[in-house]
Amino acid sequence: MPGAHLPRPQRLALAIARDGARCFWCAHPFEHSLANASIDHLVPKLKGGPAWTENEVAACRTCNAKRGHLSPGLWLAECIQRGRAPSRELLVQRLLLLHAAINERGGQRRVE
Ligand SMILES: [Zn+2]
């Protein structure tokens, strides 16, 4: 599977190269270092999300911890409610790509 063999720092670098050097959820920039950056799964693994790069985004540790296992749609709504500025368009785009990858490779049936 794409990215499955990559170490975490490289997976994080891929997500940042794709989506920008900011938290996917609160849009806080990772300005000086990536110490506060972590890999978050769009669809939580617990809900059937695959460990593929298509399911990974860069999130700050605060968002990652606060989110828990909330679905991406519910967590996006909560971020907006908390006054953050996540991009709904980017999320929709990422989810479409994820679903395309799942349809292509199969094997994941529990993704919401
Ligand atoms: Zn954040």
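First, a word on what this report is: a plain description of the structure on this page. Because the structure is a prediction, the values reported are computed rather than measured.

What about the pattern of salt bridges?
Okay, so step 1: Applying the stated rule across the entire model yields 6 salt bridges.
Okay, so step 2: For the salt bridge of Arg 11 with Glu 56, the shortest nitrogen-to-oxygen distance reads 2.5 Å. Of this pair, Arg 11 sits in helix H1 (residues 8–19) while Glu 56 sits in strand E2 (residues 56–60), and the two are 45 residues apart along the sequence.
Okay, so step 3: Looking at Arg 11, the relative accessible area reads 9%, which means it is buried.
Okay, so step 4: Exposure remark for Glu 56: the relative accessible area of 3% places this residue in the buried category.
Okay, so step 5: The residue Arg 94 makes a salt bridge to Asp 19 at a minimum N-O spacing of 2.8 Å. Note that Arg 94 is positioned in helix H4 (residues 88–105) and Asp 19 in helix H1, a separation of 75 residues in sequence.

Quick word on the nonpolar core
Okay, so step 1: Counting 26 residues, the largest nonpolar core has Cys 23, Trp 25, Phe 30, Leu 42, Cys 63 and Leu 91 as its most contacted members.
Okay, so step 2: Breaking this core down by element, the ones donating at least two residues are H1, strand E1 (37–41), E2, helix H3 (72–81) and H4.
Okay, so step 3: Ranked by residue count, the leading element in this core is H4, at 5 residues.

So, the coordination of the zinc ion
Okay, so step 1: Protein-derived ligands of the zinc ion are Cys 23 (SG), Cys 26 (SG), Cys 60 (SG) and Cys 63 (SG), with the metal-ligand distances lying across 2.3 to 2.4 Å.
Okay, so step 2: One can describe the donor arrangement at the zinc ion as tetrahedral, given that its 4 donor atoms subtend angles of 103 to 116 degrees at the metal.

Some thoughts on H3
Okay, so step 1: By the burial criterion, the buried members of H3 are Pro 72, Trp 75, Leu 76 and Cys 79. Within H3, the buried residues cover an arc of 105 degrees as seen down the axis, which keeps them to one side. For H3, the exposed residues lying more than 90 degrees away from the buried face are Leu 74 and Gln 81.
Okay, so step 2: Against helix H2 (61–67) and H4 lie the buried residues of H3.
Okay, so step 3: Two residues or fewer past H3, Gly 83 is found with a positive phi of approximately 85 degrees.

Conventions adopted
Residues numbered from 1 in each chain as written. Predicted model: local features only at pLDDT ≥ 70, side-chain atom pairs only at ≥ 80, totals over all residues. Heavy atoms only, no water. Salt bridge = Lys/Arg side-chain N within 4 Å of Asp/Glu carboxyl O. Helix = DSSP H or I, 4+ residues; strand = E, 2+ residues; numbered from the N terminus. Buried < 20%, exposed > 50% of the residue type's maximum accessible area, 1.4 Å probe, protein only. Core = buried A, V, L, I, M, F, W, Y, C linked by side-chain atoms within 4.5 Å. Donors = N, O, S within 2.8 Å, 3.2 Å for Na, K, Ca; no water. Tetrahedral: all angles 85-135°; square planar, octahedral: opposite > 155°, others 65-115°. Arc of directions from axis to C-beta. Contact = heavy atoms within 4.5 Å.

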